[in-house]
Amino acid sequence: MPGRPKDLDPSSSPRAMIGAELRHARENAGLSQAELGEPLFVSGSFIGQLEAGTRRLHLEYAVQMDEILGTKGFFARNCRALAKSKYPDHFAEAAEAEAIATAIRQYAQLLIPGLLQTKAYAEAVFRAYRPTSTDEEIESLVAARLERARLLDDPTTPLVWAVFDEAALRREVGGGAVMAEALRHVADLARKHRIIVQVVPFPAGAHAAMDGPLKLMEFADAPPLSFVEAPDMGKLLDDPATVARHALMFNFLQAAALSPQDSLALLETLAQDYEHGEQHP
């Protein structure tokens, strides 16, 4: 049987505090994770993810947990307090999970992933998404995106493996100078061995993830998750069969892509072309 999950430091994050309190209340009630999940119509692994801090506790579950565990509204109150996020609703939970992941594997179809964007590139992306927003609103979104990228300040964790479709590198976002800076930023991270980058070139033809972007996240004390998104929509998935299928898709992408060395050479070549105005589709 698996060992008991290690205790979280409740001071490390608000979600860690909620997770630690949930585990404490559940164990005091003499319930297993599966037994607590049953009346909520969720799996025991979902309860485990809440306790590990990899999932956000939503109000509908918090209210029921207070009733089941006799916690007098504790989880509902704290759930409301934690519901505010600097990220869009459809992405907030994924961003929180990303912050504590030990490994992130991501396929980018049409743009450089948020974790790897420069300030100028992010500004161009958000301005395209929200052409009527104020400068202050755009600045707030960009600041939140750059703050996410601070997790790369750690020299080793999380492992980040990004696979780009060549289209993401060829689409000129913000102009040649912005693209040159953006691609050199990604290349620099790869040269410093902070991330691993591969590119699926156009000649590879059809591949396993043509339907859209994909992100896989692994954790020290919780099952892996995958995240899929569409315009103004996103879903964090924990079903083991679905996550395994997405992991296999990512493996197929890696097999179809150029090697990390050849991918890095392509990034640097394209950056140079953008600098000299010679980039072609």
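Residues numbered from 1 in each chain as written. Predicted model: local features only at pLDDT ≥ 70, side-chain atom pairs only at ≥ 80, totals over all residues. Heavy atoms only, no water.

Pro158 follows Thr157 through a cis peptide bond whose omega is 5°. Structurally, Pro158 can be placed in the loop between α8 (135–148) and β2 (159–165). With a phi angle near 65°, His193 is a residue other than glycine that sits in the positive phi range. Examined against the element boundaries, His193 turns out to sit in the loop between α10 (176–191) and β3 (196–200). (Helix = DSSP H or I, 4+ residues; strand = E, 2+ residues; numbered from the N terminus.)

This part covers the pattern of salt bridges. Under the counting rule described, the total for this entry stands at 11 salt bridges. Note that Glu51 is salt-bridged to Arg26, the shortest N-O span being 2.5 Å. Of this pair, Glu51 sits in helix α3 (residues 44–52) while Arg26 sits in helix α1 (residues 14–28); the two residues are 25 residues apart in sequence, bridging distant segments of the chain. Here Glu51 falls in the buried class, since its relative accessible area comes to 0%. Arg184 is paired through a salt bridge with Glu275; the nearest N and O atoms lie 2.9 Å apart. Taken together, the positions of Arg184 in helix α10 and Glu275 in helix α12 (residues 260–275) put the pair 91 residues apart, joining distant regions of the chain. The exposure class assigned to Arg184 is partly exposed, which follows from its relative accessible area of 31%. Accessibility expressed as a relative area gives 45% for Glu275, which makes it partly exposed. (Salt bridge = Lys/Arg side-chain N within 4 Å of Asp/Glu carboxyl O. Buried < 20%, exposed > 50% of the residue type's maximum accessible area, 1.4 Å probe, protein only.)

This paragraph deals with the nonpolar core. Among the nonpolar cores identified, the biggest contains 45 residues, and Leu116, Phe164, Leu183 and Ile195 are the most heavily contacted of them. No other element matches α10, which puts 9 residues into this core. Look past the residues within four positions of Leu116 in its chain and what remains in contact with it is Leu152, Ala162, Phe164, His185, Val186, Leu189 and Ile195. (Core = buried A, V, L, I, M, F, W, Y, C linked by side-chain atoms within 4.5 Å. Contact = heavy atoms within 4.5 Å.)

The next thing to look at is helix α7 (residues 119–129). Turning to α7, its buried residues number three or more, namely Tyr121, Ala122, Val125 and Phe126. Here the buried residues of α7 occupy an arc of 125° about the axis, which is enough to place them on one side. (Arc of directions from axis to C-beta.)

Glancing now at the packing of α7 against α8. Contact pair α7 / α8: the axes reach a minimum separation of 9 Å and the direction vectors enclose 130°. Considering their axes alone, α7 and α8 lie oblique with respect to each other. Two packed elements cross with a definite hand, and for α7 against α8 that hand is right-handed. Two secondary-structure elements touch here, α7 through Lys119, Ala122, Glu123, Val125, Phe126 and Arg127 and α8 through Asp135, Ile138, Leu141, Val142, Arg145 and Leu146. Broken down by class, the residue content of the contact of α7 with α8 amounts to 7 nonpolar, no polar and 5 charged. (Axes fitted to C-alpha atoms, helices over the stretch in contact; angles between N-to-C directions. Parallel < 35°, antiparallel > 145°, perpendicular 65-115°, else oblique. Left-handed = near helix turned anticlockwise from the far one by under 90°. Nonpolar A, V, L, I, M, F, W, Y, C, P; charged D, E, K, R; others polar.)

This part is about the packing of aromatic side chains. Under the defined criterion, the tally for this structure stands at 3 aromatic pairs. Here the aromatic rings of Phe126 and Tyr129 are separated by 6.3 Å at their centres, their planes lie at 85°, and the arrangement is edge-to-face. Within this pair, Phe126 and its partner Tyr129 are both found in helix α7, separated by 3 residues, close to a single helical turn. Assessed through its relative accessible area of 8%, Phe126 is described here as buried. (Phe/Tyr/Trp six-rings, centres within 6.5 Å; stacked < 30°, edge-to-face > 60°.)

On to the pairing of β2. Side chains on a regular strand alternate between the two faces of the sheet. Within β2, 5 of the 7 residues are buried, which leaves it mostly tucked inside the rest of the structure. Two elements, strand β1 (residues 103–108) and β2, share 6 bridges in a ladder whose sense is parallel. Bridging from a neighbouring strand, Tyr107 pairs with Val163 of β2. The sheet contact formed by β2 and β3 spans 5 bridges and is parallel. In the sheet register, Phe164 faces β3, and the bridge partner there is Val199. (Pairing = 2+ DSSP bridges.)

Let's shift gears to the confidence of the model for the protein. On average, residues of the protein score 87 in pLDDT, and 90% of them are at 70 or above. No element of the protein has a lower mean pLDDT than helix α6 (residues 89–98), at 77, and none a higher one than β3, at 98. Contacts of residues 1–12 to residues separated by more than four positions or lying in other chains number 15 contacts, the stretch itself having pLDDT below 50. (pLDDT = per-residue confidence, 0-100.)

Reading across from one edge, β3-β2-β1-β4-β5-β6 is the order of the 6 strands in this open sheet, with mixed pairing throughout. The strands lining the two open edges of the sheet, one partner per strand, are β3 and β6 (233–237). Here the strands of the sheet are splayed against their neighbours by 15° on average, with no regard to which way each runs. Looking at chain direction, strand β4 (residues 214–218) and strand β5 (residues 225–230) are connected through 3 bridges and run antiparallel. Note on β5: the bridge partner recorded for Met217 is Leu225. Against the sheet, helix α11 (residues 240–256) contacts β1, β2, β3, β4, β5 and β6, and its axis sits at roughly 115° relative to β4.

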